[in-house]
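Chain by chain, the residues:
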Amino acid sequence: MKFHMTEHGFDTETEFGTLHISSNEEKGFRPYQLMVASIAACGGGVMRKVLDKMRVPADDITVEVKEVVRSQDDASRLLKIHLHFTVIGSTISEEKMPRIMELTEKNCSMLQSVIGCIEVVKTYEIVAK
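Residues numbered from 1 in each chain as written. Predicted model: local features only at pLDDT ≥ 70, side-chain atom pairs only at ≥ 80, totals over all residues. Heavy atoms only, no water.

A.B. asks: Describe the sheet that holds strand β5 (residues 78-88), listing the residues and the values that go with them.
C.D. replies: Read from one edge of the open sheet, three strands run β4-β5-β6, paired in mixed fashion. Among the strands making up the open sheet, the edge pair consists of β4 (60-70) and β6 (119-127). Averaged over all neighbouring strand pairs, the angle between strand axes comes to 15°, with direction disregarded. The pairing of β4 with β5 spans 10 bridges and is antiparallel. Across the sheet, Val-63 pairs through a bridge with Phe-85, a residue of β5. Against the sheet, helix α1 (residues 31-53) contacts β4 and β5, and its axis sits at roughly 35° relative to β5. Contacting β5 and β6, helix α2 (residues 97-107) crosses the sheet at an angle of about 140° to β6. (Pairing = 2+ DSSP bridges. Helix = DSSP H or I, 4+ residues; strand = E, 2+ residues; numbered from the N terminus. Axes fitted to C-alpha atoms, helices over the stretch in contact; angles between N-to-C directions. Contact = heavy atoms within 4.5 Å.)

Following this line, the structure appears as structure tokens:
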């Protein structure tokens, strides 16, 4: 992947089109937004695989970013992200969710990459279909 400097930030070409990255969110995705999106989407994707392997597939999964806390220093680094998973399906039981959440965290490369650096709070709800 190659990033090219532009007037407002950096661009990179992907197989899905041009990705614009900028500190000005009117000109592109802010870097912290991409990091949060990567963590959320990775968590949702891993959870889907975990549910499939446990033979309790979800009809749908949504991951809502409920909170993002950034430091007040010059770098504005990410301190905390709260991810809320909504799992829709009739075969998913409350008893299995702690293990599902544990396996999701253990196998999500993006979550594993930030453990110890960013507090990631994970909550969930099950909606029976």
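Back to the text.
A.B. asks: Can you break down a nonpolar patch on the surface residue by residue, with the values?
C.D. replies: Among the surface-exposed residues, Met-1, Phe-3, Met-5 and Phe-10 lie close enough to one another that they form a single nonpolar patch of about 520 Å² accessible area. Of the residues examined, Met-5 reaches a relative accessible area of 69% and is grouped as exposed. (Patch = residues over 30% accessible without salt bridge, like charges linked within 9 Å, V, L, I, M, F, W, Y side chains within 5 Å. Areas by Shrake-Rupley, 256 points an atom, 1.4 Å probe, with all protein chains shown as cover. Salt bridge = Lys/Arg side-chain N within 4 Å of Asp/Glu carboxyl O. Buried < 20%, exposed > 50% of the residue type's maximum accessible area, 1.4 Å probe, protein only.)

A.B. asks: Go over the sheet that holds strand β1 (residues 4-5) with me, naming the residues and quoting the values.
C.D. replies: The three strands lie next to each other as β1-β2-β3, forming an open sheet whose pairing is antiparallel. Both outer strands of the open sheet, β1 and β3 (17-22), are each paired with one neighbouring strand and no more. Summarising the sheet, strand β2 (residues 9-14) and β3 pair through six bridges and their orientation is antiparallel. If you follow Glu-13 over to β3, its bridge partner there is Thr-18.

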